[in-house]
Amino acid sequence: MVKSVNSGSAILVEGGKPLKGTVAISGAKNSALPIICGSLLSSNTVVLENIPLLKDVYWIIEVLTALGARCEFNNGTVTIDPTKVNSYSASYEFVRRMRASFLVLGPLLARFKKASVPLPGGCNIGPRPVSEHTEAMKQLGANVDLDKGIVHASAKKLVGATVAFNIPSVGATENVLMSAVFAEGTTVLENCAEEPEVEDLVNFLISMGADIEKAGSRRLVIRGVKELSQKSPYRIIPDRIEAGTYILAIASTAGEGKVINCNPHHLTTFLDKLSDSGIPIEIGEREIWVKGPETFSPMIIHTHPYPGFPTDLQPQTVALLTKASGVSSVTDEIFPQRFSYVPELQRMGAKIELGGSKATIHGSTDKLTGAPVQGTDIRGCAALVIAALMAKGKSIVNGFEHLERGYENFLEKLLALGAEVSLVDRSTKINDK
Ligand code: UD1
């Protein structure tokens, strides 16, 4: 099981060193979480491979364990026996830590025709409602109420229907898809999210006997089946956001390296942006090579649902753009408030203006200056580490607990690329070291 390395710890970074070498990418966090929830639908034991050792994964396993599932996590393989699940109520104690826990709603509703899951609260990247999840479940015949902060869903039976999402929400597509696998008749989901992690969940469910068809753009057709069971272990896809983060770290520090065990085709829009601005990129079947130039052109970026530019790489890209040869703009169309890391970058000397959902970044050849900074979410924290790696002098990036949620062996992988990083107590002052 995952041990918190040292919650409340920080990363000390000695900046200014180009990262060089090879880094292997772990399994995708955002596939692991829904697929672990989807295991609740199986009538036999499920084995999942390539699962990253992350706090978020550990937490979702705790949610399932509290429902009565028997779970083991060994060396990247999670074994889940969902047959002993004896509760359809997820506890607030677990759900409050991570929004993705809300993804047990669909599978519990499908299996027990009853589910109670606390409404996930706000989070550090802005408001994240779940009405797209619950409204769609209502259209399949569920009664859904909110009482004292808990979403209660129930149905005598679920019946297939045509549901068009207002937004191609990743979580809603996954949750509703899982709620529909046993529904009587045919369910058609329109305006679905098409992120590779959604496709991974679809493939996992199909491998267990679900009848799901991708019928055109953003459209899934689900014909209800009686039972799902696993025949052989399922291996989840590599983490495209982790891969993108290391590419940005290498490029930002004018380094040179290879990211291996990844799927470059999941990063096409992102890699094209880098390439178009003069950052040399080469892709192989399962690897990406990058060389960080001393200078490159500014970029105009708008985040969009897949296959658009991913919001989960927005903060790390802004860190890179602080050294572009001109003015860049980055607009987050998905999470307009996802800029809490910007004031920290400004403290390191970055020239960034914020207006609404847009950051305007004045790139400069002057290096950022090391400083103590505070990260408040996974990707924002990764952006601050990238900035610290680029900066002159030492930085202390607080918020390591966020990185533990999304990056397997983060420090080890950076060290292997030659970064000068170490874990320190959050009370450490830069001058102490
Ligand atoms: C998932 C990812 C997260 C990523 C995000 C967008 C997981 C575990 N997390 O989050 O890392 O940043 O996709 O790619 O996979 N929305 C509504 N109503 C709803 C649901 C969503 O308005 O009922 C809005 C959200 O506020 C947001 C947009 O839709 O503006 C996209 O959110 P969504 O795709 O649902 O993100 P998550 O599934 O929460």
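Residues numbered from 1 in each chain as written. Predicted model: local features only at pLDDT ≥ 70, side-chain atom pairs only at ≥ 80, totals over all residues. Heavy atoms only, no water.

## Some details on the overall build of the protein
In terms of helices and strands, the protein carries 14 helices and 23 strands. Relative to the globule expectation of 22 Å for 433 residues, the C-alpha radius of gyration of the protein, 22 Å, shows essentially globular dimensions. Over its C-alpha atoms, taken along the principal directions, the protein stretches across nearly 65 × 40 × 40 Å. In the protein, buried positions account for 58% of the 433 residues. Intrachain contacts of the protein at a sequence separation of at least 6 include 73% that bridge at least 24 residues. (Helix = DSSP H or I, 4+ residues; strand = E, 2+ residues; numbered from the N terminus. Rg over C-alpha atoms; globule rule 2.2 N^0.38 Å. Buried < 20%, exposed > 50% of the residue type's maximum accessible area, 1.4 Å probe, protein only. Contact = heavy atoms within 4.5 Å.)

## Details of the sheet that holds strand β9 (residues 162-164)
With respect to topology, four strands assemble into an open sheet ordered β9-β10-β12-β11, the strand pairing being mixed. On the outer flanks of this sheet lie β9 and β11 (211-214), each paired with one strand and no other. Ignoring which end each strand starts from, the neighbouring axes of this sheet average 15 degrees apart. Inspection of the sheet shows β9 paired to strand β10 (residues 186-190) by three bridges, in the parallel sense. Directly across from V163, in β10, lies its bridge partner L189. (Pairing = 2+ DSSP bridges. Axes fitted to C-alpha atoms, helices over the stretch in contact; angles between N-to-C directions.)

## A look at the site of the ligand
Every one of the 18 residues lining the ligand counts as a neighbour, but E132, S169, V170, D312 and I334 are closest to it. Between the ligand and E132, the relevant distance is 2.7 Å, taken from an oxygen atom to a main-chain nitrogen or oxygen of the residue. G171 has a polar backbone atom sitting 2.7 Å from an oxygen atom of the ligand. Among the elements that make up the shell around the ligand, the one with the highest residue count is helix α5 (residues 131-139) (three residues). Tallied by class, the residues present in the shell around the ligand amount to seven nonpolar, six polar and five charged. (Near = heavy atom within 4 Å. Polar contact = N/O pair within 3.5 Å; in protein donor to acceptor, adjacent residues only side chain to side chain. Nonpolar A, V, L, I, M, F, W, Y, C, P; charged D, E, K, R; others polar.)

## Considerations on the environment of K258
Tracing the chain through its elements places K258 in strand β14 (residues 256-260). You can call K258 partly exposed: its relative accessible area is 30%. The residues touching K258, leaving out its near neighbours within four places in the chain, are G21, T22, V23, E287, I288 and W289.

## Considerations on the pattern of salt bridges
The final tally for this structure, using the stated rule, is 20 salt bridges. Salt-bridge contacts for E14 lead to K394; the nearest nitrogen and oxygen are separated by 3.5 Å. On the criterion of sequence distance, the pair formed by E14 in strand β1 (residues 9-14) and K394 in strand β22 (residues 394-398) is long-range, its members being 380 residues apart. According to the relative accessible area criterion, E14 is partly exposed, its value standing at 28%. (Salt bridge = Lys/Arg side-chain N within 4 Å of Asp/Glu carboxyl O.)

## Examining the sheet that holds strand β15 (residues 281-283)
Pairing in this open sheet of four strands is mixed, and the strands run β2-β14-β16-β15 from one edge to the other. Each having just a single partner strand, β2 (20-24) and β15 make up the two edges of the open sheet. Each strand of the sheet is rotated relative to its neighbour by a mean of 15 degrees, with strand direction disregarded.

## Describing the confidence of the model for the protein
Looking at the protein as a whole, its pLDDT mean stands at 94, while 96% of the residues score no less than 70. In this model residues 1-7 is a low-confidence stretch, pLDDT under 50, and it forms 19 contacts with partners more than four residues away in sequence or in other chains. (pLDDT = per-residue confidence, 0-100.)

## Section: the packing of α5 against helix α6 (residues 170-180)
Between α5 and α6, the least distance of the axes is 8 Å, while the angle of their chain directions is 25 degrees. Relative to α6, α5 is oriented roughly parallel. Here α5 and α6 pass one another in a crossing that is right-handed. Judged by residue contacts, E132, H133, A136 and M137 of α5 engage G171, A172, N175, V176 and S179 from α6. Here the residues of the contact of α5 with α6 are counted per class, giving four nonpolar, four polar and one charged. (Parallel < 35°, antiparallel > 145°, perpendicular 65-115°, else oblique. Left-handed = near helix turned anticlockwise from the far one by under 90°.)

## Considerations on the pairing of strand β17 (residues 300-303)
Note on strand geometry: in a regular strand, side chains alternate between the two faces of the sheet. Side chains I301 and T303 project from β17 onto a buried face, and the interleaved I300 and H302 project onto a face without burial. Pairing of β17 with strand β18 (residues 327-332) involves four bridges; the strand directions are parallel. Among the inter-strand pairings, H302 is bridged to a residue of β18, identified as T331.

## Considerations on helix α4 (residues 105-112)
Three- or four-residue spacings in an α-helix give side chains the same orientation, since the helix completes a turn every 3.6 residues. Of all eight residues that make up α4, six are buried, and the element is covered over most of its length. Of all the positions in α4, only L105, G106, P107, L108, L109 and A110 are classed as buried. Close packing links the buried residues of α4 with α1 (29-38), α2 (55-67), β6 (114-118), α5, β8 (150-154) and α6. Within two residues after α4, K113 carries a phi angle of roughly 60 degrees, on the positive side.

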